[in-house]
Amino acid sequence: MDKIKAIEEYNSKIKRVLISEEEIKAAIKEAGKKISDSYNGEPILLVSILNGAFVFMADLCREITVPCEIAFMCAKSYYNGTNSSGIVNITMDLEQDISGYHVIIVEDIVDTGRTLNDVVKLLKARNPLSLRVVTLLDKPSRRIVDFDPDMSLFVIEDLFVIGYGLDCGEYYRNLPYIAEYNQ
Ligand code: IMP
(Lines give C-alpha, C1' and ligand atoms only; values in the text may rest on other atoms or scores of the structure.)
Protein backbone atom coordinates (compact mmCIF):
# COMPACT_ATOMS: atom_id res chain seq x y z
CA MET A 1 0.00 0.00 0.00
CA ASP A 2 1.39 3.44 -0.83
CA LYS A 3 1.85 6.03 1.92
CA ILE A 4 -1.18 8.18 1.01
CA LYS A 5 -3.48 5.14 0.91
CA ALA A 6 -2.14 4.00 4.28
CA ILE A 7 -2.89 7.41 5.85
CA GLU A 8 -6.35 7.49 4.29
CA GLU A 9 -7.03 4.03 5.68
CA TYR A 10 -5.72 5.13 9.11
CA ASN A 11 -7.99 8.22 9.15
CA SER A 12 -11.02 6.31 7.88
CA LYS A 13 -11.01 4.24 11.08
CA ILE A 14 -11.77 7.33 13.18
CA LYS A 15 -15.55 7.15 12.84
CA ARG A 16 -16.66 10.09 15.05
CA VAL A 17 -15.57 12.00 18.13
CA LEU A 18 -17.40 10.52 21.10
CA ILE A 19 -15.89 12.64 23.88
CA SER A 20 -14.14 15.92 23.05
CA GLU A 21 -10.92 17.27 24.54
CA GLU A 22 -12.92 19.95 26.40
CA GLU A 23 -15.29 17.39 27.94
CA ILE A 24 -12.36 15.23 29.05
CA LYS A 25 -10.56 18.23 30.56
CA ALA A 26 -13.63 19.37 32.52
CA ALA A 27 -14.33 15.86 33.88
CA ILE A 28 -10.71 15.41 34.96
CA LYS A 29 -10.68 18.77 36.73
CA GLU A 30 -13.73 17.74 38.74
CA ALA A 31 -12.29 14.29 39.51
CA GLY A 32 -8.99 15.83 40.67
CA LYS A 33 -10.85 18.12 43.04
CA LYS A 34 -12.92 15.26 44.49
CA ILE A 35 -9.78 13.19 45.04
CA SER A 36 -7.88 16.12 46.58
CA ASP A 37 -10.77 16.81 48.97
CA SER A 38 -11.11 13.25 50.19
CA TYR A 39 -7.74 12.23 51.68
CA ASN A 40 -7.08 14.80 54.42
CA GLY A 41 -3.42 15.25 53.48
CA GLU A 42 -2.63 11.54 53.91
CA PRO A 43 -0.13 9.80 51.57
CA ILE A 44 -1.63 9.03 48.17
CA LEU A 45 -0.05 6.78 45.58
CA LEU A 46 -1.52 6.96 42.07
CA VAL A 47 -0.92 3.72 40.20
CA SER A 48 -1.45 3.94 36.46
CA ILE A 49 -2.02 0.83 34.39
CA LEU A 50 0.09 0.98 31.25
CA ASN A 51 -0.13 1.42 28.41
CA GLY A 52 -3.64 2.79 27.99
CA ALA A 53 -3.87 4.99 31.11
CA PHE A 54 -0.69 7.02 30.57
CA VAL A 55 -2.45 10.09 29.13
CA PHE A 56 -5.23 10.05 31.74
CA MET A 57 -2.64 9.70 34.53
CA ALA A 58 -0.61 12.65 33.22
CA ASP A 59 -3.66 14.93 33.18
CA LEU A 60 -5.31 13.65 36.38
CA CYS A 61 -2.18 13.97 38.53
CA ARG A 62 -1.90 17.62 37.50
CA GLU A 63 -5.41 18.30 38.84
CA ILE A 64 -4.57 16.82 42.25
CA THR A 65 -3.56 19.53 44.67
CA VAL A 66 -2.38 17.44 47.64
CA PRO A 67 0.98 15.62 47.85
CA CYS A 68 0.91 12.39 45.89
CA GLU A 69 3.34 9.93 44.41
CA ILE A 70 2.93 8.22 41.08
CA ALA A 71 3.81 4.72 39.94
CA PHE A 72 3.18 2.51 36.94
CA MET A 73 2.43 -1.11 36.35
CA CYS A 74 1.80 -2.86 33.09
CA ALA A 75 -1.13 -5.22 32.64
CA LYS A 76 -1.64 -6.69 29.20
CA SER A 77 -5.04 -7.93 28.14
CA TYR A 78 -4.61 -9.87 24.96
CA TYR A 79 -6.85 -8.93 22.10
CA ASN A 80 -8.02 -10.70 18.94
CA GLY A 81 -8.75 -7.57 16.89
CA THR A 82 -11.16 -5.64 19.11
CA ASN A 83 -12.19 -8.53 21.42
CA SER A 84 -10.59 -9.41 24.74
CA SER A 85 -9.18 -12.94 24.90
CA GLY A 86 -9.66 -13.05 28.68
CA ILE A 87 -5.97 -13.53 29.42
CA VAL A 88 -4.41 -10.87 31.68
CA ASN A 89 -0.68 -10.72 32.33
CA ILE A 90 1.14 -8.39 34.70
CA THR A 91 4.25 -7.66 32.64
CA MET A 92 5.69 -4.90 34.87
CA ASP A 93 5.02 -4.74 38.59
CA LEU A 94 5.35 -1.91 41.14
CA GLU A 95 8.70 -1.43 42.79
CA GLN A 96 7.56 0.03 46.10
CA ASP A 97 5.98 -1.42 49.21
CA ILE A 98 2.42 -0.01 49.10
CA SER A 99 1.48 -0.85 52.69
CA GLY A 100 1.86 2.76 53.89
CA TYR A 101 -0.25 4.31 51.12
CA HIS A 102 -3.78 5.14 50.13
CA VAL A 103 -3.60 3.67 46.63
CA ILE A 104 -5.68 4.92 43.71
CA ILE A 105 -5.55 2.79 40.59
CA VAL A 106 -5.85 4.99 37.48
CA GLU A 107 -7.26 3.06 34.52
CA ASP A 108 -8.30 4.00 30.98
CA ILE A 109 -11.37 1.81 30.57
CA VAL A 110 -13.23 -0.98 32.34
CA ASP A 111 -14.60 -3.38 29.77
CA THR A 112 -15.05 -7.03 30.85
CA GLY A 113 -13.61 -6.07 34.26
CA ARG A 114 -11.04 -8.88 34.19
CA THR A 115 -7.92 -6.69 34.24
CA LEU A 116 -8.94 -4.61 37.23
CA ASN A 117 -10.36 -7.58 39.06
CA ASP A 118 -6.92 -9.22 38.87
CA VAL A 119 -4.95 -6.04 39.63
CA VAL A 120 -7.15 -5.15 42.63
CA LYS A 121 -6.78 -8.66 44.09
CA LEU A 122 -3.01 -8.47 43.67
CA LEU A 123 -2.66 -5.03 45.27
CA LYS A 124 -5.13 -5.70 48.11
CA ALA A 125 -2.99 -8.64 49.16
CA ARG A 126 -0.15 -6.13 49.76
CA ASN A 127 -2.17 -4.35 52.49
CA PRO A 128 -2.42 -0.72 51.32
CA LEU A 129 -4.09 1.71 53.78
CA SER A 130 -6.95 1.86 51.26
CA LEU A 131 -7.51 1.04 47.60
CA ARG A 132 -9.76 2.81 45.11
CA VAL A 133 -10.17 2.60 41.34
CA VAL A 134 -10.69 5.63 39.10
CA THR A 135 -11.41 4.97 35.45
CA LEU A 136 -11.79 7.42 32.61
CA LEU A 137 -14.30 5.22 30.74
CA ASP A 138 -16.67 2.49 31.82
CA LYS A 139 -18.54 0.05 29.57
CA PRO A 140 -20.80 -1.70 32.13
CA SER A 141 -22.80 -3.55 29.45
CA ARG A 142 -19.66 -5.60 28.59
CA ARG A 143 -18.91 -6.84 32.12
CA ILE A 144 -18.00 -10.51 32.50
CA VAL A 145 -16.72 -10.38 36.07
CA ASP A 146 -18.51 -8.54 38.87
CA PHE A 147 -16.37 -5.41 39.18
CA ASP A 148 -17.33 -1.79 39.91
CA PRO A 149 -14.87 1.12 39.82
CA ASP A 150 -15.16 3.69 42.64
CA MET A 151 -15.20 6.57 40.15
CA SER A 152 -15.98 6.55 36.40
CA LEU A 153 -15.66 9.81 34.50
CA PHE A 154 -17.70 8.66 31.48
CA VAL A 155 -20.04 5.68 31.11
CA ILE A 156 -20.23 4.65 27.45
CA GLU A 157 -22.20 2.11 25.45
CA ASP A 158 -20.76 -1.01 23.87
CA LEU A 159 -18.44 0.58 21.31
CA PHE A 160 -14.77 0.04 20.61
CA VAL A 161 -13.09 3.37 21.26
CA ILE A 162 -9.69 4.86 20.50
CA GLY A 163 -7.70 7.93 21.46
CA TYR A 164 -6.53 9.67 24.62
CA GLY A 165 -4.29 6.69 25.43
CA LEU A 166 -6.56 3.96 24.05
CA ASP A 167 -5.35 2.03 21.03
CA CYS A 168 -6.30 -0.32 18.29
CA GLY A 169 -3.26 -2.38 17.31
CA GLU A 170 -1.08 0.17 19.20
CA TYR A 171 -2.22 3.09 16.99
CA TYR A 172 -4.41 6.11 17.82
CA ARG A 173 -3.21 6.52 21.44
CA ASN A 174 -2.07 10.05 20.56
CA LEU A 175 -5.50 11.35 19.50
CA PRO A 176 -6.43 14.11 21.99
CA TYR A 177 -10.10 12.99 22.14
CA ILE A 178 -12.02 9.71 22.46
CA ALA A 179 -13.37 8.47 19.13
CA GLU A 180 -15.48 5.55 18.02
CA TYR A 181 -13.39 3.08 15.99
CA ASN A 182 -14.77 2.22 12.58
CA GLN A 183 -14.73 -1.60 12.73
P1 IMP B 1 -11.01 -5.54 30.57
O2 IMP B 1 -10.03 -6.40 31.29
O3 IMP B 1 -11.82 -6.33 29.59
O4 IMP B 1 -11.88 -4.70 31.48
O5 IMP B 1 -10.24 -4.56 29.61
C6 IMP B 1 -9.24 -3.81 30.02
C7 IMP B 1 -8.36 -3.33 28.91
O8 IMP B 1 -8.83 -3.64 27.59
C9 IMP B 1 -8.35 -1.83 28.97
O10 IMP B 1 -7.40 -1.38 29.92
C11 IMP B 1 -7.97 -1.48 27.55
O12 IMP B 1 -6.58 -1.51 27.39
C13 IMP B 1 -8.60 -2.57 26.71
N14 IMP B 1 -9.89 -2.12 26.12
C15 IMP B 1 -11.14 -2.45 26.50
N16 IMP B 1 -12.06 -1.82 25.75
C17 IMP B 1 -11.36 -1.07 24.88
C18 IMP B 1 -11.76 -0.15 23.83
O19 IMP B 1 -12.95 0.12 23.56
N20 IMP B 1 -10.74 0.44 23.17
C21 IMP B 1 -9.42 0.20 23.42
N22 IMP B 1 -9.02 -0.62 24.39
C23 IMP B 1 -9.99 -1.26 25.11
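Look up a bit, the structure's there.
First, a word on what this report is: a plain description of the structure on this page. (Residues numbered from 1 in each chain as written. Predicted model: local features only at pLDDT ≥ 70, side-chain atom pairs only at ≥ 80, totals over all residues. Heavy atoms only, no water.)

### Description of the nonpolar core
Here comes step 1: With 30 residues, the main nonpolar core has Ile35, Phe56, Leu60, Leu136, Leu137, Leu153 and Ile178 as its most contacted residues.
Here comes step 2: Of all the elements in the fold, those that place two or more residues in this core are helix H2 (21-37), strand E2 (44-50), helix H3 (54-61), strand E5 (102-110), strand E6 (130-138) and strand E7 (151-155).
Here comes step 3: By residue number, the principal contributor to this core is H2, which donates five residues.
Here comes step 4: The residues contacting Leu153, other than those within four sequence positions of it, are Ala27, Ile28, Ala31, Phe56, Val134, Thr135 and Leu136. (Core = buried A, V, L, I, M, F, W, Y, C linked by side-chain atoms within 4.5 Å. Buried < 20%, exposed > 50% of the residue type's maximum accessible area, 1.4 Å probe, protein only. Helix = DSSP H or I, 4+ residues; strand = E, 2+ residues; numbered from the N terminus. Contact = heavy atoms within 4.5 Å.)

### Observations regarding the packing of aromatic side chains
Here comes step 1: For the structure shown, the criterion picks out four aromatic pairs.
Here comes step 2: Arranged with centres 4.3 Å apart and planes meeting at 15 degrees, the rings of Tyr10 and Tyr172 form a pair that is stacked. Placement of the pair is Tyr10 in helix H1 (residues 3-12) and Tyr172 in the loop between strand E8 (161-162) and strand E9 (178-181), with a sequence separation of 162 residues.
Here comes step 3: The exposure class of Tyr10 is partly exposed, given its relative accessible area of 25%. (Phe/Tyr/Trp six-rings, centres within 6.5 Å; stacked < 30°, edge-to-face > 60°.)

### Focus: the state of the cysteines
Here comes step 1: Per the stated rule, a full pass over the model turns up zero disulfides.
Here comes step 2: Here Cys68 stays unpaired: no disulfide links it, and the sulfur of Cys61, its closest cysteine neighbor, is 6.3 Å away.
Here comes step 3: On the basis of relative accessibility, which here comes to 28%, the residue Cys68 falls in the partly exposed class.
Here comes step 4: No disulfide involves Cys168; its sulfur sits 17 Å from that of Cys74, the nearest cysteine. (Disulfide = S-S within 2.5 Å.)

### Considering the side chain of Thr135
Here comes step 1: Structurally, the position occupied by Thr135 is in strand E6.
Here comes step 2: Residue classification places Thr135 among the buried positions, given a relative accessible area of 0%.
Here comes step 3: Looking at Thr135, its side chain comes within polar contact range of the main-chain oxygen of Asp108, at 3.5 Å.
Here comes step 4: Within the structure, the side chain of Thr135 is placed 2.8 Å from the backbone oxygen of Leu137, a separation counted as a polar contact.
Here comes step 5: In this structure, Thr135 is in contact with Phe56, Glu107, Asp108, Ile109, Val110, Pro149, Met151, Ser152 and Leu153, ignoring residues within four places of it in sequence. (Polar contact = N/O pair within 3.5 Å; in protein donor to acceptor, adjacent residues only side chain to side chain.)

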